[in-house]
Amino acid sequence: MRIIQYTAVLALATLLSACGGHDFEGVYETRAGSDNELLNSFAELASGEKLVIGSDYIESQGQRTLFDDIFERESAGERYLVFKTGAQEEVWKVVDDNTLIKGSALVNVKLVRLP
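Summary of the structure given here. (Residues numbered from 1 in each chain as written. Predicted model: local features only at pLDDT ≥ 70, side-chain atom pairs only at ≥ 80, totals over all residues. Heavy atoms only, no water.)

Description of unusual backbone geometry
Unlike most non-glycine residues, Gln61 shows phi in positive territory, near 50°. Phi at Ala76 is positive, roughly 50°, even though this residue is not glycine. Mapped onto the elements, Ala76 comes out in the loop between strand S5 (69-75) and strand S6 (78-85). The exposure class assigned to Ala76 is exposed, which follows from its relative accessible area of 80%. (Helix = DSSP H or I, 4+ residues; strand = E, 2+ residues; numbered from the N terminus. Buried < 20%, exposed > 50% of the residue type's maximum accessible area, 1.4 Å probe, protein only.)

Encoded structure:
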């Protein structure tokens, strides 16, 4: 009987360890924008940079920023990707499974996953 219990606990622990992380790992391209036409023309100049989101890091222009945790949070019916370091959090809104956005209608940065 104990062997069955140990096997069940081991199987559950293996299953739970495989569930960690987030589904946003990959290569993204930045696209800056704005609802304001003048600001939008300037924002487009900042577009086109590529970055990588990993399991616990972001890499951009050869520099890697490590985080304690990267995870998805749901709040008030919206999805967010949270980058946590210590007590600090940086939060990006999830538009869909391939698009993240940070900012407001005035000025924002979109991350679009590349195929």
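Side note on the sheet that holds strand S3 (residues 57-60)
Strand order across the open sheet formed by nine strands is S4-S3-S2-S1-S9-S8-S7-S6-S5, with antiparallel pairing between neighbours. A single partner strand is all that each edge strand has here, and the edge strands are strand S4 (63-66) and S5. Adjacent strand axes in the sheet meet at a mean angle of 30°, parallel and antiparallel pairs treated alike. Here S6 pairs with strand S7 (residues 88-96) via six bridges, running antiparallel. For Leu81, the partnering residue across the bridge sits in S7 and is Trp92. (Pairing = 2+ DSSP bridges. Axes fitted to C-alpha atoms, helices over the stretch in contact; angles between N-to-C directions.)

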